[in-house]
Amino acid sequence: MTNKRSKGGIIDYSKVIYFSFNNKSLCGFKGDTLASALIANGIFLVGRSFKYHRPRGVMSAGSEEPNGLVTIKRSGSTVPNVLATTLELYPGLEAFSQNCWPSVENDFLAINDLLAPFLTAGFYYKTFMWPKSFWEAVYEPIIRKAAGLGSLNTKSDPDEYDKGFLHCDLLVVGAGVAGLWAAKLATKAGLKVLLADEDFLVGGRTLSETELLGGMKGVDWASKILDELKRSANFRYLSRTTVYGTYDHGIFGALEKVSDHMPVSPEGKPRQTLWRIYSRASLICSGATERITAFPNNDRPGIMQAGALRSFVNRWSIIPKGPVIVFSSTGDGERTVRDLLSNGISVRALIDSREITKENIFESDGVEVFRGAKVIDTFGRKGITHAEIETEIGEKKKLECRLLAVSTGWNPNIHLTSHHRAKPRWNKKIHSFVAQDKLPNNMFVAGAAAGVFSTPDIFTDVTKKTEIIIALLGFKKSKFTAPSVENIFYAQVESDVIWHISNGNKRAWVDLQNDVTVKDIQLSHQEGFVSVEHLKRYTTLGMATDQGKNSNVTGLAIMAEITGKSLENVGTTIFRPPYIPISIGALAGRSRDKNFRPVRLTPSHHWAKENGAVFIEAGQWLRAQYFPRPGETNWRQSVDREVLVTRSSVGVCDVSTLGKIDIQGKDSTEFINRVYANGFARLPVGKSRYGLMLREDGIVMDDGTTARLGETHYIMTTTTANAVGVFRHLEFCRQCLWPNLDVHLISTTESWAQFAIAGPNSRRVLRKVVDKEFDISNDAFPFMACGELTVFSGIRARLFRISFSGELAYEVAVPSKFGNSMMAKLTEVAAEFDGVPYGTEALGVMRIEKGHVAGNELNGQTTARDLGMAKFVSTKKDSIGAVLSRREGLNSDDGYSLVGIKPHSKSDVLVAGSHLFSNGSEITAKFDQGYITSAAYSPSLESSIALGLLKRGDKRIGENIKVVNLLAKSNTEAKVVSPHFIDPNGERLRG
Amino acid sequence: MIIPHPLLGPRDSQEFVYMGDASLIKRPDPKKQNAQSEFYEYLYLRNNPAGTHKELWFHEQGDRSWLIVTRNTLTHEVIGAELAHDMGFESKD
Amino acid sequence: MKALTPFGIEYMKKRLINGININEEEIKALASIGCAGSLHKALSRKLKKTFNMQTPSPGQSVSKNNNRLCWTAQGQWLLESDKTFSQGFDAYLIENLGKEFAITDQTSGWVKFSLSGNHVLTVLEKCIMLDCHEMTAGAFNRCSMEHIGIYVLCEKAKYEFSIYGPRSFAQSLYHSLTQAIKSI
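All figures in this text were calculated on a predicted structure; none of them were measured in a lab.

Participant: So what's going on with the overall build of chain C? Residues and values would help.
Facilitator: Broken down by element type, chain C carries four helices and eleven strands. Taken over C-alpha atoms, the radius of gyration comes to 17 Å for chain C, in line with the 16 Å a tight globule of 184 residues would show. With respect to the principal axes defined by its C-alpha atoms, chain C has extents near 50 × 45 × 30 Å. Taking all 184 residues of chain C together, 49% fall into the buried category. Contacts in chain C between residues far apart in sequence, at least 24 positions, make up 57% of those at least 6 positions apart.

Written out as structure tokens, the structure is:
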């Protein structure tokens, strides 16, 4: 049965919207939310509760809604836990009840309700304990299936999300009366104002009440103010935007629902945008949430906040079938009755808990008024049919009703004021918490959020607070007169508070969403979980998606009552962001799937791609791993070939990713000498040197080569992985440790493309590349030489004779815009000698064969001594890390030493991470002798080889050991050898 | 968190990398007899005040300057920030 | 030997999306200049002589005759010119400004995109943490966007901006910018 609609309200009757709920076709109008459209269609049963699967209906009209959670179909996917009360109705909306099977009408799991005595707070810890193995396998899966709020479909989120950054002088949260007025004053005074409201209309509570502002209806007054504001260049309005979190120093997080109210997001447009807002001051005008007291069976469909009923009647112009009963402890009871009657809705009775003597102004309308009375029970499983009351004199009466509107006070929405820890304080007058007076980072609160509930008082309050902000930020205030407020109809009589009502053993709900009752709170106290933090976690009160918006204060008040403490002393749990659930997609923004982080391409990337390279991610970089040739089906074939050809002829590899730092200045030599452990003071111009860099604690940080191109000009290289960290460290040394040194650092990793040309034919290749006038013979350009020259007819270049592979080798650098062409030309020349391009895999194999340390060995735990480089830490000068490298603990006789490891059998494979044991030793941690840091198949030796750290390794060359890999359950016989498998005397390098 | 960069104005702390206690600026004299114990204290021993504290931040995504930031560890209030090494450029010219 | 753009091609990418022009701009000459505090006066004199420019303050740049000098750090500036220097921009600068400054060529190391249009601020506020609304022509800042360190230059307040990014990030940066433009 549909309900009637009055022609008033904020509804566009010319725009009919067809939607479906649980596959039933229905219609509503533009301006409806799903909740209002359902109620207009007479549908009150919306879902089933979390634990007990009790029938539930919406109990509010806003974002605090605990019951009306639905799953909607969207963009070919589903979204669970959408609030029916804030979901704007759109054509084709398909919504479904959650947590019920087979239907919300007939839910088999309602059996949980009968098991209620066994499912009280903390039941997990007391029941289902035996047998132990059953918990994980049997009980938990069943309980998990039986309780829940919506389910996730496991498909990828099809919607797009966005992120953004906004700056303002003043952020006003909430565009109700207080927020709009504050925005008006501040904008006129010249502040840059950002106004945000989670609703799709401005006006806040005035949209649902019948007060007149300046003679206008609330909705008209509000939209007029907004239109005026929009004409100012220093004002910006964020509609459908929830400010969900307060962070340090005036930073806020806000979620804008850009197209949630559309069936599909327009092409390329996001569904939601996450805003990071930077403000110099903020004014929280977030209003208040009405609370319903915890009376027995207070959770039936048709029981709602009185304010929500007024919203459905006034804003959404619904005329529900009565009769309605209003239960109140404040003047809002009478206001509600008045509104219902003026819309022709039948009101059975007003149950006023206050013992005040007053005439019954509704007598002529046939409304019975019971003073000093309370509701003690309700009936009607799938929707309320009767309410039982207890009168002043203790008489019990059962009254018929289809709706029960409850008003027992309002809780200011103060979450945002205490995300940065400022604990709220108890306000006796309104029986709720408000923010502290002095808040950090120029945050102020006004209006209902500050506990000011009367509209004229709100204007006064917000004007005062806004003027403080205007002055604080150095602007001049402007003068505006607040509008008149008419049609205020609520008796200004002292309100009463009832936290809960008991009636025998009947359950009274406190947290509707998590199904927590007064009994659970009593049980919590009984079991010793008395503090608010324990109460929350033991009962799960306030832990559902509504985060206790409707239950926290009530729960605390009940605990206070039981413990005999005052509410000021009980305190609250800490509010944490976010105020509403935020989808992970919104937090990711555009950083998802392939684009979740940026990718860095090398200068020769395009050439490599065209030439069939297989790529590998090396940190942020995409590097060519190997270059398969036609006929090669396995990576080993390609890599083995690349190694063998390079060592027998020549190979070319893009090594641009290594960090390059340009160091200049009068004191650059001294600077470099202080940051490297080995000596650099006498490095001649035109020469490079291997440099070992330690951390101040004596552990090796990084290594590289530094070339001296000029008297005061050096180029330092770092490993790819440590480039950023080393630069940071060098700047620390430069700015913080030795600010008086004249030295300048610029990262030039990006500016130069660099290529290794390695192998016996490398000089021959280079001769065809370097312009004729430059002498690169062995005498003119010996091992470790460096210099500036030109290649390919005049392209400026830098040449370094350094070798990572152990072969005769060079690295040539050109400006990166020539990088791609350079790689093409180099490989062309190399091909004349049957040479090949090689990738990171071959690069790795060759350096392991040579015994060069790399990232695996520089693992943050090794010292120079461990790596066989004790002599590299000069005793003739100080350098970073030198002092602590001499610590006893880092120089024990039993310390590690870098060795080579070769398996006895050529068919055995060594794996990095395997541990080393002496022959015959027990394989336990106690007897561990070390581990393998790097391993590879060496085509040169036709065997698996490895580098590793072995205790006293330098004294154990030749020893037979065991290599143990417990993950692969392997135990291999191997020999300790020199880490330099290839050319240990370095003859190839110097040829 | 906002760091008030002395030259660039307020900047989001996401642009920075945190290093540690500002006392790291005072590197001990390696030539002293007890250099090892001094370096040990310099690297590993710290006061941990519940209150104002000076620390080093590197403006990696900005001007690459090292700043000494004074922050209250209880309230997160940032009281001020100064350049670790002010070369004195920006006051004139 | 051909010079190629970071995208591996010879022409500059130019697109018009949602009323925003996003154009790759060629960087003809770019170099950083480092100077010790004691040499600042000397550098200022040389700059005035060679380029008729004074060093800008933090967050700013100055431009004259198609040369732009940008503040990047204390004692460090970035100089861009629209002329090509065959011997290398750094060699030219060493010759004209002197050997006592730390001069490093950066011409190849960066990619530059110009964004212009009536709604350019709507795009930038999706990408950049800084307040681009308040920037006036010449404002120059380093910041980061989608984890990429960039320079942002305001060419014309509220209408035209240039974004400089490291060469290796060019594709990711371009993708991020075009996605942001498409989303407005």
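Participant: Provide a residue-level description of the pairing of strand β10 (residues 193–196) of chain A, including the pertinent values.
Facilitator: All names here are of chain A. Residues Val193 and Leu195 point to one face of β10 and Leu194 and Ala196 to the other, with burial holding for every one of them. Relative to β10, strand β9 (residues 161–173) is paired through four bridges, and the arrangement is parallel. Within the sheet, the bridge partner assigned to Val172 lies in β10 and is Leu195. Looking at chain direction, β10 and strand β13 (residues 235–238) are connected through four bridges and run parallel. Bridge pairing links Ala196 to Leu238 in β13.

Participant: Any details on the interface of chain B and chain C? Residues and values, ideally.
Facilitator: Contact residues are listed per partner, giving 15 residues for chain B and 16 residues for chain C. Tallied by class, residues from the side of chain B that touches chain C come to five nonpolar, four polar and six charged.

Participant: Break down the interface of chain A and chain C for me, with residues and values.
Facilitator: Reports often express the size of an interface as the amount of accessible area lost when the parts come together. Taken together, the contact pairs 40 residues of chain A with 36 residues of chain C. Where the side of chain A that touches chain C is concerned, the elements lending two or more residues are β9, β34 (600–601), α15 (605–610), β38 (659–664), β42 (744–747), β45 (795–800) and α20 (819–831) of chain A. Per-element accounting of the side of chain A that touches chain C gives the leading share, six residues, to β9(A). Looking at the side of chain A that touches chain C residue by residue, the classes come out as twelve nonpolar, 16 polar and twelve charged.

Participant: Could you give me a rundown of the domain arrangement of chain C, with the residues and numbers involved?
Facilitator: Residue and element names in this part refer to chain C. Parsing chain C into structural domains produces domain 1 (14–26 + 108–183) and domain 2 (29–107). Contacts between the two partners involve nine residues from domain 1 and, on the opposite side, eleven residues from domain 2. Here the side of domain 1 that touches domain 2 gets three residues from one element, more than from any other, and that element is strand β9 (residues 140–145). Here the side of domain 1 that touches domain 2 is built from residues that sort into four nonpolar, four polar and one charged.

Participant: Residues and numbers for the sheet that holds β34(A), please.
Facilitator: Within a sheet, neighbouring strands are paired by backbone hydrogen bonds and run either parallel or antiparallel to one another. Residues and elements named next belong to chain A. What the three strands build is an open sheet, ordered β34-β36-β35; its pairing is mixed. One side of each edge strand has no neighbouring strand; the edge strands of this open sheet are β34 and β35 (614–618). Where β35 and strand β36 (residues 621–626) come together, five bridges link them in antiparallel fashion. Each residue of the ladder has a partner; that of Phe615, found in β36, is Ala624.

Participant: So what's going on with helix α12 (residues 552–563) of chain A? Which residues, and what values?
Facilitator: All names here are of chain A. In this model, α12 (twelve residues) spans 16 Å end to end at C-alpha, consistent with the 16 Å of a helix rising 1.5 Å per residue. Taken together, the buried positions of α12 are occupied by Asn552, Val553, Thr554, Gly555, Leu556, Ala557, Ile558 and Met559. The inward-facing, buried residues of α12 abut β27 (410–412), β29 (432–434), β32 (509–511), α10 (518–526), α11 (532–539) and α13 (567–570). Positive backbone phi, at 75 degrees, marks Gly564, one or two positions downstream of α12.

Participant: Explain the pairing of strand β2 (residues 12–21) of chain A residue by residue, including any values.
Facilitator: All names here are of chain A. In the sheet, β2 pairs with strand β3 (residues 24–30) via seven bridges, with the strands oriented antiparallel. In the strand pairing of β3, Asp12 is matched with Lys30. The antiparallel pairing of β2 with β3 creates a hairpin that spans two residues between the two strands, and Asn22 there sits at a positive phi of about 50 degrees. Pairing between β2 and strand β8 (residues 94–97): two bridges, direction parallel. Of the residues in β8, the one forming a bridge with Phe21 is Ala95.

Participant: Describe the packing of helix α19 (residues 762–769) of chain A against α20(A), and please don't skip the residues or the numbers.
Facilitator: Residues and elements named next belong to chain A. Running from N to C, α19 and α20 point in directions that differ by 125 degrees, and their axes come no closer than 9 Å. With respect to their mutual orientation, α19 and α20 come out oblique. Taken as a pair, α19 and α20 cross one another with a handedness that is right-handed. Residues Val765, Lys768 and Val769 of α19 touch α20, and the partners they reach there are Leu826, Val829 and Ala830.

Participant: Can you explain helix α18 (residues 723–737) of chain A? Please cite residues and give values.
Facilitator: The first and last C-alpha atoms of α18(A) sit 20 Å apart over 15 residues, in line with the 21 Å expected at 1.5 Å per residue. Those residues of α18(A) lying buried are Ala723(A), Val726(A), Phe727(A), His729(A), Leu730(A), Arg734(A), Gln735(A) and Cys736(A).

Participant: Describe the confidence of the model for chain C, with residues and values.
Facilitator: Looking at chain C as a whole, the pLDDT averages 95, with 100% of positions reaching at least 70. As scored by the predictor, the complex reaches a pTM of 0.93 and an ipTM of 0.97.

Scoring rules and cut-offs
Residues numbered from 1 in each chain as written. Chains lettered and ligands numbered in written order. Predicted model: local features only at pLDDT ≥ 70, side-chain atom pairs only at ≥ 80, totals over all residues. Helix = DSSP H or I, 4+ residues; strand = E, 2+ residues; numbered from the N terminus. Rg over C-alpha atoms; globule rule 2.2 N^0.38 Å. Buried ≥ 20, exposed ≤ 12 C-beta atoms within 10 Å, placed from the backbone. Contact = placed C-beta atoms within 7 Å. Pairing = 2+ DSSP bridges. Nonpolar A, V, L, I, M, F, W, Y, C, P; charged D, E, K, R; others polar. Domains from an automatic or database assignment. Expected span 1.5 Å × (residues − 1). Axes fitted to C-alpha atoms, helices over the stretch in contact; angles between N-to-C directions. Parallel < 35°, antiparallel > 145°, perpendicular 65-115°, else oblique. Left-handed = near helix turned anticlockwise from the far one by under 90°. pLDDT = per-residue confidence, 0-100.

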